[in-house]
Amino acid sequence: PSVVWADDEGDFQFAPARQPAKAPLGTPDSIVDAWFESERCFHARAYNAASMMYRKLIFLVAVDRGMPAKEKNNTSPTFVKCLDYLVSEEYISHRARRVWADAIRIIGNNAAHGIEPITDVQAEVSRYFMQIILEAVYEHEIFAQKIHEV
């Protein structure tokens, strides 16, 4: 259970305090900003919004890693094309795509187009898998570079 109150400045405080997950090392600022937006949604229990943000993060990661932000018809690439790109460029494995990223896709699609609200468990699954993907793309690369610096 949580207790919520307004402090002297009118800001809401929570007990126990909710702490957003840190962005993995090496994550670019624009993606960190989107990650923290998804964290604010998650911790506010806005699970539909958080789940849609996890989908957007996949797009942002693909673009950051070299995928064009717009296609020839001036539309953004589909989620599937973003995943195809991340797999083809070996940022995520086929297994990660099938297990982790597909869960983000399914839950995000339900958040955007479904009638039933996303549950806390579904949002937590998407959040967890998104964090793993960010770690695989950014943080693991930082640690691998440190090996060569020794």
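A brief look at the structure comes next. On a predicted model such as this, the values are computed, not experimentally measured, just so you know. By convention here, each chain's residues receive numbers from 1 onward along its written sequence. Local features in this predicted model are restricted to residues whose pLDDT is 70 or higher, and side-chain atom pairs enter the listing and the counts only when it is 80 or higher, whereas totals over whole chains, interfaces and linings include all residues. Note: side-chain values were computed over all heavy atoms of the structure, leaving out hydrogens and water.

## Some words on the packing of aromatic side chains
For any pair of aromatic rings, geometry is given as the distance between the ring centres together with the angle between the planes. Stated precisely, the cut-off is as follows: What counts as a ring pair is set by centres within 6.5 Å for rings of Phe, Tyr and Trp (its six-membered ring), and what kind of pair is set by the plane angle: stacked under 30 degrees, edge-to-face over 60, tilted for all other angles. Under the DSSP-based scheme used, a helix requires at least four consecutive residues in state H or I and a strand at least two consecutive residues in state E, with every element numbered from the N terminus. Remark: exposure states derive from per-residue accessible area (1.4 Å probe, protein chains only) relative to the maximum for the residue type, with buried under 20%, exposed over 50%, and partly exposed in between.
Counted by the stated rule, this structure contains 4 aromatic pairs. A centroid spacing of 6.3 Å and a plane angle of 45° characterise the contact between Trp35 and Tyr54, whose relative ring orientation is tilted. Within this pair, whereas Trp35 is found in helix H1 (residues 29-43), its partner Tyr54 is found in helix H2 (residues 47-64), the two being separated by 19 residues in sequence. The same class applies to Trp35 as to Tyr54, namely buried. By the ring-pair criterion, three or more aromatic residues cluster together here, those being Trp100, Tyr128 and Phe129.

## Overview of the pattern of salt bridges
Keep this limit in mind: Criterion for a salt bridge: a side-chain nitrogen of Lys or Arg within 4 Å of a carboxyl oxygen of Asp or Glu.
This structure, assessed with the given rule, holds 7 salt bridges. Between Arg65 and Glu141 there is a salt bridge; the shortest N-O distance is 3.7 Å. Of this pair, Arg65 sits in the loop between H2 and helix H3 (79-88) while Glu141 sits in helix H5 (residues 120-149), and the two are 76 residues apart along the sequence. Residue Glu141 is classed as partly exposed on the basis of its relative accessible area, which comes to 34%.

## Re the nonpolar core
What counts is decided by this rule: Remark: nonpolar core denotes a set of buried residues (Ala, Val, Leu, Ile, Met, Phe, Trp, Tyr, Cys) joined through side-chain atoms within 4.5 Å. By definition, residues are in contact when any of their heavy atoms lie within 4.5 Å.
Formed by 39 residues in total, the largest nonpolar core has its most connected members in Ile58 and Met130. Elements supplying a minimum of two residues to this core: H1, H2, H3, helix H4 (94-113) and H5. When near neighbours in sequence (up to four residues on either side) are disregarded, Met130 contacts Trp35, Tyr54, Leu57, Ile58, Val61 and Ile104.

## A few points about the side chain of Ser38
Just so we agree on the cut-off: Two N or O atoms count as a polar contact when they lie within 3.5 Å, although within protein this holds only if one can serve as hydrogen donor and the other as acceptor, and sequence-adjacent residues are included solely when both atoms are side-chain atoms.
Structurally, the position occupied by Ser38 is in helix H1. Judged by its relative accessible area of 0%, Ser38 falls in the buried class. Engagement of the side chain of Ser38 in a polar contact is seen with the backbone oxygen of Trp35, the distance being 2.5 Å. The contacts of Ser38, once residues within four sequence positions are left out, are Ala50, Met53, Tyr54 and Leu57.

## Topic: H2
Quick reminder: α-helices carry 3.6 residues per turn. Residues three or four places apart thus point the same way. The following threshold applies: Each residue after the first adds 1.5 Å to the expected span of a helix.
Spanning 18 residues, H2 covers 25 Å between terminal C-alpha atoms, matching the ideal 26 Å at 1.5 Å per step. Tyr47, Ala50, Ser51, Met53, Tyr54, Leu57, Ile58, Val61 and Ala62 are the residues of H2 that are buried. Along its buried surface, H2 packs onto H1, H3, H4 and H5. Following H2 by one or two positions, Gly66 has its phi on the positive side, about 115°.

## A look at unusual backbone geometry
In this structure, Arg45 is a non-glycine residue whose phi angle is positive, near 65°. With respect to the element layout, Arg45 can be found in the loop between H1 and H2. A positive phi angle, near 65°, is found at Glu90, a position not held by glycine. With respect to the helices and strands, the residue Glu90 is situated in the loop between H3 and H4.

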